[in-house]
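Tertiary structure, described
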Amino acid sequence: QVQVAESGGGLVQPGESLRLSCGASGTFFSINDMGWYRQAPGKQRELVATISRRGTTRYADSVKGRFTVSRHNAENTVDLEMNSLKSEDTAPYFCHVRAIEGMWAQETVYWGQGTQVTVSS
């Protein structure tokens, strides 16, 4: 079983920055991809940024050049540095973890509870 905990959301003005952090803990062999998704009201949950264990990153087109995802494998943590924030970035942000666990070393997906990011003047 894996526990996922996020932190770092808040209220900022357009153009400002925020940093989100997420940590995975519990019993598992390793973590594959980690990353962040968001779900604005009335919309489907969408990928923001992910990073593989080897450091390969993937970003939504809407955040490329503004957001940076990074991870620390030894600590099982992933961060999202968000710069030049826009009102359309407003949403709860969910940490996403793919953990290898169990008798058969299967991959299981875990989600955090979400942390709210609000960009407003």
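**Brief notes about the side chain of R71**
Inspection of the secondary structure assignment puts R71 in strand β7 (residues 67–72). Within the buried set, R71 has no salt-bridge partner at all; the shortest N-O distance to an opposite charge, 5.4 Å, is to D33. Within the local environment of R71, its side chain forms a polar contact with the backbone oxygen of S52, the two atoms lying 3.3 Å apart. A distance of 2.6 Å separates a polar atom in the side chain of R71 from a polar atom in the side chain of N73. Contact partners of R71, with chain neighbours within four places excluded, come to I31, N32, D33, M34, I51, S52, R53, T77 and V78.

**Focus: the state of the cysteines**
Taken as a whole and assessed by the stated rule, the structure comprises one disulfide. Here C22 engages in a disulfide with C95; their sulfurs sit 2.0 Å apart. Judged by the torsion about the S-S bond (-85 degrees), the C22/C95 disulfide is left-handed. Highlighted residues: C22 in strand β3 (residues 18–26) and C95 in strand β9 (residues 91–101), separated in sequence by 73 residues. Given a relative accessible area of 3%, C22 falls into the buried group. You can call C95 buried: its relative accessible area is 0%.

Conventions used here
- Residue positions are counted from 1 within each chain, in the order its sequence is given.
- Two thresholds apply to this predicted model, a pLDDT of at least 70 for residue-level local features and 80 or more for giving and counting side-chain atom pairs, whereas whole-chain, interface and lining totals are computed over all residues.
- Excluded from the side-chain calculation are hydrogens and water; included are all heavy atoms of the structure.
- Runs of H or I in DSSP of at least four residues are treated as helices and runs of E of at least two as strands, each being numbered from the N terminus.
- For the exposure calls, accessible area comes from a 1.4 Å probe over protein chains only, and a residue counts as buried if that area is under 20% of its type's maximum, exposed if over 50%, partly exposed in between.
- Residues scored as positive are Lys and Arg, those scored as negative are Asp and Glu, and His as well as the terminal groups of each chain are ignored.
- What counts as a salt bridge is simple: a side-chain nitrogen of Lys or Arg found within 4 Å of a carboxyl oxygen of Asp or Glu.
- By the criterion applied in these results, polar contacts are pairs of N or O atoms within 3.5 Å in which, for protein atoms, one can donate a hydrogen and the other can accept it, and in which residues neighboring in sequence qualify only through two side-chain atoms.
- The contact rule is simple, with two residues in contact once any of their heavy atoms fall within 4.5 Å.
- For the purposes of this analysis, a disulfide is any pair of cysteine sulfur atoms at a distance within 2.5 Å.

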